[in-house]
Amino acid sequence: NSGRDIRFSNIVDGGSALTMSAARDIFFEAAVGQFARIGNLIVTTFRNWTSSAAISAASISQVAGTGTTTFNGSLNTHAATVIDLNPTDATNTRY
């Protein structure tokens, strides 16, 4: 990413993994894995991460962040132990 936001305005589906790194913000404005669970969702760096809808993935990992992480929908993975959010690098994590 070259200093811009990453914004998904439509549903993201499929069995593939999704890894993102953003200098600014990441937005999921529609469901992730609504009809077909995605593979591992990994966010390596970002300022703010906002998900306005449900996320269904094999696993959800937040490696680092400098701002706020906000989930306004449910988080669904294969098992509860595969949601790994690193709140020490983000100022706030809201579920």
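Scroll up to find the structure.
For the structure given in this document, a descriptive report is provided here. (Residues numbered from 1 in each chain as written. Predicted model: local features only at pLDDT ≥ 70, side-chain atom pairs only at ≥ 80, totals over all residues. Heavy atoms only, no water.)

### Observations regarding the overall build of the chain
1) Next: Across its full length, the chain carries 0 helices and 10 strands.
2) Next: Counting from the amino terminus, helix and strand elements in the chain follow one another as β-β-β-β-β-β-β-β-β-β.
3) Next: Every one of the 95 residues in the chain was classed for burial, and the buried ones make up 40%. (Helix = DSSP H or I, 4+ residues; strand = E, 2+ residues; numbered from the N terminus. Buried < 20%, exposed > 50% of the residue type's maximum accessible area, 1.4 Å probe, protein only.)

### Here we look at the packing of aromatic side chains
Where two aromatic rings form a pair, the distance of their centres and the angle of their planes describe that pair.
1) Next: What the rule picks out here adds up to 3 aromatic pairs.
2) Next: With a centroid separation of 6.0 Å and an interplanar angle of 75°, the aromatic rings of F46 and W49 are classed as edge-to-face.
3) Next: With a relative accessible area of 3%, F46 lands in the buried category.
4) Next: For W49, a relative accessible area of 0% gives the class buried.
5) Next: A ring pair is formed by W49 and F71, whose centres lie 5.1 Å apart and whose planes are at 75°; its orientation type is edge-to-face. Taken together, the residues W49 in strand β5 (residues 49–51) and F71 in strand β7 (residues 68–71) connect sequence positions 22 residues apart.
6) Next: One aromatic cluster in this structure is built from F46, W49 and F71.
7) Next: The lysine or arginine in question, R7, covers the ring of F27, its NZ or CZ lying 4.0 Å from the ring centre. (Phe/Tyr/Trp six-rings, centres within 6.5 Å; stacked < 30°, edge-to-face > 60°. Lys NZ or Arg CZ within 6 Å of the ring centre and 35° of its normal.)

Nothing here speaks to function; it is geometry throughout.
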